[in-house]
Amino acid sequence: MIGRIGRWFNERAKLSELWQSQMVDYKVPKTLTFPYAFGVMAMVAFLIQIISGIFLVMYYQPNIHTAFDSVNYTIMKEIPFMWLIRHIHAAGANFFLAIVYLHIFTGIYYNAYKKPRELTWIVGFFIYFVLLMTALSGYLLPWGQLSYWGMVVTTEIPTSIDSAPIIGKLKIGETISVWMKGGYELGQITLGRFFGLHIWLLPLILLGLVGFHFYLIRAHGITSPDGREIDKKKEGVPFHPYITLKEGAYLMGYLAVFFFFVFFYMKHFLPADNYDPANPFKTPAHIAPEWYLLAFYTMFRSIPDKFLGFVVFNLALLLLLILPFLDFSPLRSARNRPLFFVMFVVLVISSMALTILGTMPPTPTNALLGLIFTLAFLSFFISMPIISILEWGWYKAKGGSKND
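Now for a description of the structure that goes with this document. Given the structure is predicted, the values throughout are model-derived calculations rather than measurements. (Residues numbered from 1 in each chain as written. Predicted model: local features only at pLDDT ≥ 70, side-chain atom pairs only at ≥ 80, totals over all residues. Heavy atoms only, no water.)

A few words on the pattern of salt bridges. Within this structure, the stated rule accounts for four salt bridges. With a closest N to O distance of 2.8 Å, glutamate 156 and lysine 181 form a salt bridge. Residue glutamate 156 is found in helix 7 (residues 145–156), and its partner lysine 181 is found in helix 8 (residues 172–181); the two are separated by 25 residues along the sequence. Overall, glutamate 156 belongs to the partly exposed group, its relative accessible area being 32%. A salt bridge links glutamate 391 to arginine 337; the nearest nitrogen and oxygen atoms lie 2.8 Å apart. With glutamate 391 in helix 15 (residues 364–397) and arginine 337 in the loop between helix 13 (323–326) and helix 14 (338–357), this pair connects stretches of sequence that are 54 residues apart. By relative accessible area, arginine 337 is classed as buried at 0%. Here the salt bridges do not stand alone but share partners, grouping Lys114, Asp327, Arg337 and Glu391 into one network. (Salt bridge = Lys/Arg side-chain N within 4 Å of Asp/Glu carboxyl O. Helix = DSSP H or I, 4+ residues; strand = E, 2+ residues; numbered from the N terminus. Buried < 20%, exposed > 50% of the residue type's maximum accessible area, 1.4 Å probe, protein only.)

Below you can see the structure in the form of structure tokens.
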């Protein structure tokens, strides 16, 4: 009976044909390495967030008087196993962003943003940006001390625009800040807006962007680690079973590490200060963004001028977006580009240093170090056109041309 139903459904939905074309007949480079598994890990992390979020929203109350209790008592203590769902959601957000960062650095290393994959990179950037907005909006929902004051600091950042020489008189920054909060201070309107953004608008945008991203990956194929494009009809191996089994093994390892932290080390994802209800009259001793924003936070605070700091950390995001147009070298993959590899190492080290400095007090020494590593971070993007010109000269000297 079940077999007959399955055959009936398959005949009408053409699932076997879809599987054959998208999994078996789809060819990928046989040299794919471990970093290529970050994509499927990110997809699974996204699914975990959606499923756990659906359960959490059943019991969460988006009201400034009841939000804290609904999270810390109803969800954590009264409903069976909801503590586990909250742990999964809180840890999952951090793991999701960590995997996305690794995926971004992998894409940069293997030059996965080059023709014909520029649009794939751009869509991926917007996935990253919307994901940051989703994490920020969700950070406020527990309505604890860190949630409240972290969002106070975040909503005040746009006021840096008002310190600009000319446009500052227009008070654009203050207007944006008031719009974000729904008034002059955080309250019920703020919580309602961020709740709506977090549970439906931003996830819907993410779903659309992720779907388009996967379509573009399938349309143009996966980048080879050595930078060489393969003939999908003559070269490569079937995605299934060769890659699915390999990525499945990596995925099992990822889930093992993930649930180890969920059960034993949640203190890293649920800070003790956030178990105190939001108090507008008591500022916590240390306020800093979550780790995934610390690098940009360090850039912002390391520059004495607030407006210039605001411009610099937004410039860093813009340069990441337009990387495909900054790097026009004919060579692909850091394996074949020694100058690019050196600058890539500078990018990785400066990113890590900026993140670490964001956890430290804003002393003059730390501010100087932050400025140095900010310049090092930006130097990667600034150097790309220069490296591209040099590599074009070398490429032509070897007999290559734009038509190759």
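Now that the structure is up, let's keep going.
The biggest cluster of nonpolar side chains holds 85 residues, and the ones touching the most others in it are Ile108, Tyr128, Phe296, Phe380 and Phe381. In terms of residue count, helix 5 (residues 82–109) provides more of this core than any other element does, 13 residues in total. Not counting chain neighbours up to four residues away, the residues in contact with phenylalanine 380 comprise Ile108, Leu323, Phe340, Met343, Phe344 and Leu347. Leu140, Met151, Val152 and Phe195 belong to the second-largest nonpolar core, a separate cluster that totals 14 residues. (Core = buried A, V, L, I, M, F, W, Y, C linked by side-chain atoms within 4.5 Å. Contact = heavy atoms within 4.5 Å.)

Moving on, we come to empty space enclosed by the protein. If you walk through the whole model with that rule in mind, you get three cavities of 30 Å³ or more. Reported here for the largest cavity is a volume of approximately 70 Å³. Lining of the largest cavity is provided by 14 residues; of these, Pro29, Arg117, Ile222, Glu229 and Ile230 occupy positions nearest its centre. Taken together, the residues of the lining of the largest cavity break down into four nonpolar, five polar and five charged. Computed from the structure, the second largest cavity encloses a volume of approximately 50 Å³. Along the walls of the second largest cavity sit Leu32, Thr33, Phe34, Tyr36, Ala37, Ile243, Lys246, Glu247 and Tyr250, which together make up its complete lining. (1 Å grid on protein atoms, 1.4 Å probe; cavity = no way out; pocket = protein on both sides within 12 Å on 5 of 7 lines; lining within 4 Å. Points joined across faces, edges and corners; volume = space filled by probe spheres on them. Nonpolar A, V, L, I, M, F, W, Y, C, P; charged D, E, K, R; others polar.)

Evaluated as defined, the whole model comprises 37 aromatic pairs. Grouping aromatic residues by their ring pairs yields a cluster made of Phe95, Tyr254, Phe258, Phe259, Phe260, Phe261, Phe263, Phe264, Tyr265 and Phe269. We note arginine 193 situated over the ring of tryptophan 179; from NZ or CZ to the ring centre the distance is 5.9 Å. (Phe/Tyr/Trp six-rings, centres within 6.5 Å; stacked < 30°, edge-to-face > 60°. Lys NZ or Arg CZ within 6 Å of the ring centre and 35° of its normal.)

The next thing to look at is the packing of helix 5 against helix 10 (residues 239–264). Here helix 5 crosses helix 10 at 130°, and the two axes come no closer than 9 Å. What the angle tells us is that helix 5 and helix 10 run oblique. Crossing of helix 5 against helix 10: the hand is right-handed. Touching Trp83, Leu84, His87, Ile88, Ala91, Gly92, Phe95 and Ile99 of helix 5 are Tyr254, Val257, Phe258, Phe259, Phe261, Val262 and Phe263, all from helix 10. Across the contact of helix 5 with helix 10, the residue classes tally to 13 nonpolar, two polar and no charged. (Axes fitted to C-alpha atoms, helices over the stretch in contact; angles between N-to-C directions. Parallel < 35°, antiparallel > 145°, perpendicular 65-115°, else oblique. Left-handed = near helix turned anticlockwise from the far one by under 90°.)

This next bit is on helix 7. In this model, helix 7 (12 residues) spans 17 Å end to end at C-alpha, consistent with the 16 Å of a helix rising 1.5 Å per residue. Counted residue by residue, helix 7 has nine buried out of 12 residues, so it is predominantly covered. Burial in helix 7 covers these residues: Gln145, Leu146, Ser147, Tyr148, Trp149, Gly150, Met151, Val152 and Thr155. Packing partners of the buried residues in helix 7 comprise helix 6 (118–140), helix 8 and helix 9 (188–220). (Expected span 1.5 Å × (residues − 1).)

For the rest of this paragraph, the subject is the side chain of asparagine 94. Within the element layout of this structure, asparagine 94 appears in helix 5. At 2.8 Å, the side chain of asparagine 94 and the side chain of tryptophan 291 are in polar contact. (Polar contact = N/O pair within 3.5 Å; in protein donor to acceptor, adjacent residues only side chain to side chain.)

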